[in-house]
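Secondary and tertiary structure notes
What follows is the residue order along each chain.
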Amino acid sequence: MSLTRKPLGSHHRIVIKIGSALLVDRKSGLKKDWLDAICEDIAALKKNGVDVQVVSSGAIALGRTVLGLPSGALKLEESQAAAAVGQIALARAWSESLSRHEIVAGQILLTLSDTEERRRYLNARATINQLLKIGAIPIINENDTVATTEIRYGDNDRLAARVATMTGADLLVLLSDIDGLYTAPPHLDPDARFLETISDITPEIEAMAGGAASELSRGGMRTKIDAGKIATAAGCGMIIASGKTLNPLKA
Ligand code: GLU
């Protein structure tokens, strides 16, 4: 699904959100080849003069694997401990992979209040802008280790949309294992139609988004449509695309 039709390279500032399932395999951990390939795509965009920011999920999924936690729902404190372990590995992996292109990465961990309270919002925005100014790529995630149930985004789709509007991005790309919006969940309804372009998020469009989420990720189509509302209200286009192949941005 896309709300924009311009080539990626013609944008000024892009936020790329990457879902956990693309980066982390429950058994083997980090998908290094996939990460290296997306860093190639990011380096190419940057060469074209595009400011790129990454909102990377995967801390909890990676931490679970590193700690060998069993599958199934985690208690809040368990997922916070998993995030603490996973985030440090995730940030290092991004930093190493981007450094092959002589790009420096900077880690930004945000809570809901950092995007909603004016003083913190201005601080976060200033730091991200400064990183972009010096040519670094902000690698952003929710600060899962301190965010509690009531005061958290919980999903990085909406967080990425807030980051996009906060930093004046003109495009948000949501990469996950879902290629876009269908009129009905395609795995349940053989007549489901793929919607290529959506110019307006109407109540009918919202009704098409189920809640589907996998064990690895928190978001589903619901949070992606919510992200679309946040982004487009601020004049930022949004693309939902599958990241299942290597080099998804180039593709
Ligand atoms: N912040 C979570 C993590 O890094 C991911 C949230 C989501 O899946 O959207 O594990």
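Structure's up top.
Criteria and thresholds
- Residues numbered from 1 in each chain as written.
- Predicted model: local features only at pLDDT ≥ 70, side-chain atom pairs only at ≥ 80, totals over all residues.
- Heavy atoms only, no water.
- Near = heavy atom within 4 Å.
- Polar contact = N/O pair within 3.5 Å; in protein donor to acceptor, adjacent residues only side chain to side chain.
- Areas by Shrake-Rupley, 256 points an atom, 1.4 Å probe, with all protein chains shown as cover.
- 1 Å grid on protein atoms, 1.4 Å probe; cavity = no way out; pocket = protein on both sides within 12 Å on 5 of 7 lines; lining within 4 Å.
- Points joined across faces, edges and corners; volume = space filled by probe spheres on them.
- Helix = DSSP H or I, 4+ residues; strand = E, 2+ residues; numbered from the N terminus.
- Buried < 20%, exposed > 50% of the residue type's maximum accessible area, 1.4 Å probe, protein only.
- Contact = heavy atoms within 4.5 Å.
- Phe/Tyr/Trp six-rings, centres within 6.5 Å; stacked < 30°, edge-to-face > 60°.
- Pairing = 2+ DSSP bridges.
- Axes fitted to C-alpha atoms, helices over the stretch in contact; angles between N-to-C directions.
- Core = buried A, V, L, I, M, F, W, Y, C linked by side-chain atoms within 4.5 Å.
- Parallel < 35°, antiparallel > 145°, perpendicular 65-115°, else oblique.
- Nonpolar A, V, L, I, M, F, W, Y, C, P; charged D, E, K, R; others polar.

Here we look at the site of the ligand
The local shell around the ligand holds twelve residues, among which Ala59, Ile60, Asn141, Asp144 and Asn156 are the closest. Here Asn141 contributes a side-chain N or O atom positioned 2.8 Å from an oxygen atom of the ligand. Interatomic distance of 2.8 Å between a side-chain N/O atom of Asp144 and a nitrogen atom of the ligand. When the ligand is considered free in solution it has 300 Å² of accessible area, and contact with the protein chains removes 98% of it.

Some remarks on the layout of surface pockets
When its volume is computed, the second largest pocket comes out at roughly 200 Å³. Considering the residues around the second largest pocket, the lining is formed by Leu8, Val173, Leu175, Ile239, Ala241, Ser242, Thr245, Pro248, Leu249, Lys250 and Ala251. Of all the secondary structure elements, the ones that give two or more residues to the lining of the second largest pocket are β7 (171-176) and β8 (237-242). The biggest single contributor to the lining of the second largest pocket is β8, with three residues.

As for the environment of Lys229
With respect to the helices and strands, the residue Lys229 is situated in helix α9 (residues 221-233). Along the sequence, Lys229 and Ile201 sit 28 residues apart, while their C-alpha atoms lie 6.9 Å from each other. Within the structure, Lys229 has its side chain in polar contact with the side chain of Glu206 (distance 3.1 Å).

As for the environment of Lys244
When you line up the elements, Lys244 lands in the segment after β8. Classification of Lys244 by relative accessible area gives exposed; the value is 59%. Measuring from C-alpha to C-alpha, the distance between Lys244 and Asp41 comes to 14 Å, with 203 residues separating the pair along the chain. In this structure Lys244 touches Leu22, Ser176 and Asp177, once residues within four positions along its chain are discounted.

Notes on the packing of aromatic side chains
Working definition: an aromatic ring pair is given by the centre-to-centre distance plus the angle between the planes. A full pass over the atoms with the stated rule returns one aromatic pair. Seen in terms of ring centroids, Tyr182 and Phe194 are 5.2 Å apart; in terms of plane orientation they differ by 65 degrees. Their pairing is edge-to-face. Within this pair, whereas Tyr182 is found in the loop between β7 and α8 (203-208), its partner Phe194 is found in the loop between β7 and α8, the two being separated by twelve residues in sequence.

Some words on the sheet that holds strand β6 (residues 137-142)
The six strands are arranged β5-β6-β4-β1-β7-β8 in an open sheet whose pairing can be described as parallel. Unpaired on one side and paired on the other, β5 (105-110) and β8 mark the two borders of the sheet. With strand direction ignored, the average angle separating the axes of adjacent strands in the sheet is 20 degrees. Together, β1 (13-18), β4 (51-56), β5, β6 and β7 form the strand contacts of helix α7 (residues 156-166), whose direction differs from that of β1 by roughly 170 degrees. In this fold α9 packs onto β1, β7 and β8, with an angle of close to 155 degrees to the strand it touches most, β8.

Thoughts on the nonpolar core
With 36 residues, the main nonpolar core has Ile16, Ile18, Ile38, Ile42, Trp94 and Leu249 as its most contacted residues. Breaking this core down by element, the ones donating at least two residues are β1, α1 (20-23), α2 (32-47), β4, α3 (59-67), α4 (76-99), β6 and β7. In contact with Ile42, not counting residues within four places along its chain, are Ile16, Val52, Val54, Trp94, Leu98, Ile137 and Leu249.

Section: the pairing of β1
Counting buried positions over the six residues of β1 gives six, a clear majority of the element. Of the two faces of β1, the one carrying Arg13, Val15 and Lys17 and the one carrying Ile14, Ile16 and Ile18 are both buried. Bridge count between β1 and β7: five bridges; the pairing is parallel. Along β7, the bridge assignment pairs Lys17 with Leu174.

Comments concerning the packing of α7 against α9
When two helices pack together, their arrangement is given by the angle between their axes and by how far apart the axes lie. Contact geometry for α7 and α9: axes closest at 8 Å, N-to-C directions at 10 degrees. The angle between the axes of α7 and α9 places the two elements in the roughly parallel class. Every residue of α9 that contacts α7 at Asp157, Arg158, Ala161, Arg162 and Thr165 is listed here: Thr223, Lys224, Asp226, Ala227, Ile230 and Ala231. Residue classes in the contact of α7 with α9 are distributed as four nonpolar, two polar and five charged.

Regarding the packing of α3 against α4
Put simply, α3 and α4 touch, their axes get as near as 6 Å, and they point 95 degrees apart. Considering their axes alone, α3 and α4 lie roughly perpendicular with respect to each other. Here Ala59, Ile60, Leu62, Gly63, Arg64, Val66 and Leu67 of α3 come into contact with α4, specifically with Ser79, Ala81, Ala82, Ala83, Val85, Gly86, Gln87, Ala89 and Leu90. Residues that form the contact of α3 with α4 fall into these classes: eleven nonpolar, four polar and one charged.

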